[in-house]
Amino acid sequence: ETGVTQTPRHLVMGMTNKKSLKCEQHLGHNAMYWYKQSAKKPLELMFVYNFKEQTENNSVPSRFSPECPNSSHLFLHLHTLQPEDSALYLCASSPGEASGALAKNIQYFGAGTRLSVL
Amino acid sequence: GDSVTQMEGPVTLSEEAFLTINCTYTATGYPSLFWYVQYPGEGLQLLLKATKADDKGSNKGFEATYRKETTSFHLEKGSVQVSDSAVYFCALSVPSSGGSYIPTFGRGTSLIVHP
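Just so we're clear, the structure is a prediction, and the values are computed from it rather than from any experiment.

Calculation rules
- Residues numbered from 1 in each chain as written.
- Chains lettered and ligands numbered in written order.
- Predicted model: local features only at pLDDT ≥ 70, side-chain atom pairs only at ≥ 80, totals over all residues.
- Heavy atoms only, no water.
- Disulfide = S-S within 2.5 Å.
- Helix = DSSP H or I, 4+ residues; strand = E, 2+ residues; numbered from the N terminus.
- Buried < 20%, exposed > 50% of the residue type's maximum accessible area, 1.4 Å probe, protein only.
- Contact = heavy atoms within 4.5 Å.
- Buried area = accessible area lost by both parts, 1.4 Å probe.
- Polar contact = N/O pair within 3.5 Å; in protein donor to acceptor, adjacent residues only side chain to side chain.
- Nonpolar A, V, L, I, M, F, W, Y, C, P; charged D, E, K, R; others polar.
- Pairing = 2+ DSSP bridges.
- Axes fitted to C-alpha atoms, helices over the stretch in contact; angles between N-to-C directions.
- 1 Å grid on protein atoms, 1.4 Å probe; cavity = no way out; pocket = protein on both sides within 12 Å on 5 of 7 lines; lining within 4 Å.
- Points joined across faces, edges and corners; volume = space filled by probe spheres on them.

Draft legend 1. Structural view of the state of the cysteines. Residues and elements named next belong to chain A. For the coordinates displayed, the defined rule picks out two disulfides over all chains. The disulfide partner of C23 is C91, and the S-S distance across this bridge is 1.9 Å. Across the disulfide from C23 to C91, rotation about the S-S bond amounts to roughly -75°, and the bridge is consequently left-handed. Here C23, found in strand β3 (residues 18-25), pairs with C91, found in strand β9 (residues 87-94); they are 68 residues apart in sequence, far enough to count as distant. The buried category is assigned to C23, whose relative accessible area is 0%.

Draft legend 2. Focus on the interface of chain B and chain A. Listed as interface residues are 21 residues of chain B and, on the opposing side, 28 residues of chain A. Of the roughly 1,900 Å² buried between chain B and chain A on both sides combined, carbon and sulfur atoms contribute 55%. Taken together, the links from chain B to chain A amount to six residue pairs in polar contact (both at pLDDT 80 or more). Elements with a minimum of two residues in the side of chain B that touches chain A: β5 (32-38), β6 (44-50), β10 (86-95) and β11 (101-105) of chain B. Residues belonging to the side of chain B that touches chain A are distributed by class as follows: nine nonpolar, nine polar and three charged.

Draft legend 3. Quick look at the sheet that holds strand β7 (residues 56-59) of chain B. All names here are of chain B. Strand order in the open sheet formed by four strands is β3-β9-β8-β7, with antiparallel pairing between adjacent strands. A strand with exactly one partner marks an edge of an open sheet, and here the two such strands are β3 (19-21) and β7. With direction set aside, neighbouring strand axes in the sheet form an average angle of 15°. Strand direction decides the pairing type here: strand β8 (residues 62-65) and strand β9 (residues 75-77), joined by three bridges, are antiparallel.

Draft legend 4. Layout of the side chain of T109 of chain B. All names here are of chain B. Mapped onto the elements, T109 comes out in strand β12 (residues 109-114). Given the relative accessible area of 0%, T109 is considered buried. Looking at T109, its side chain comes within polar contact range of the main-chain oxygen of M7, at 2.7 Å. Contact partners of T109, with chain neighbours within four places excluded, come to Q6, M7, E8, G9, V11, I21, A86, V87 and Y88.

Draft legend 5. Local environment of the layout of surface pockets. Estimated volume of the largest pocket: approximately 670 Å³. Lining of the largest pocket is provided by 30 residues; of these, Q37 and K40 of chain A together with Q38, V87 and F89 of chain B occupy positions nearest its centre. Listing elements by their share of the lining of the largest pocket, those giving two or more residues are β11 (113-117) of chain A together with β10 and β12 of chain B. With three residues, the single largest contributor to the lining of the largest pocket is β10 of chain B. Looking at the lining of the largest pocket, its residues break down into eleven nonpolar, twelve polar and seven charged.

Below, the structure written as structure tokens:
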């Protein structure tokens, strides 16, 4: 149990569907992250939130829309995706600079959502 | 920008063999360095870390030393087991202006250990 839970674990969707990925952390962390992991490619950082505020957006297409209602929950809303968006989407959390924790920059990952776009 | 380069895999070894996975980095600041491991069907998890030059991170028999002069953080283990089969990611992390930390990951190296 890593303390970061992602749902669903698997998702198949058509290009016209709208779906959402959910991430929840029970670690009291301040920062949350979305990553895309594709075969034979480096791990791609998509979005970063710190204290519910988006601090990084790495030129992600607008068909991916993040939402962070509080420090414990992070969503990734998906609409009109393309087949090349099929990948493993990983969520992570981190204590963050303001936490005072010794390990403030360690990433704690969920198990991911395996997304297939048909 | 910051980058991490690690050796291409897969690395295939027999049980009890010595393991080295090379990792080098470029960074504008003074990063912390990490090795993460990903087992099949799971997310990444921290294996070890080092925060300053000459620090040695160690865990579960794995070791890596922060070498600032060669900008390297090579992962080693003296005797691998079948259960070590996984994908290993080298990473660095620098603080961002937004108060969080921004990690940069290498491409990952797949390790396969045969009995």
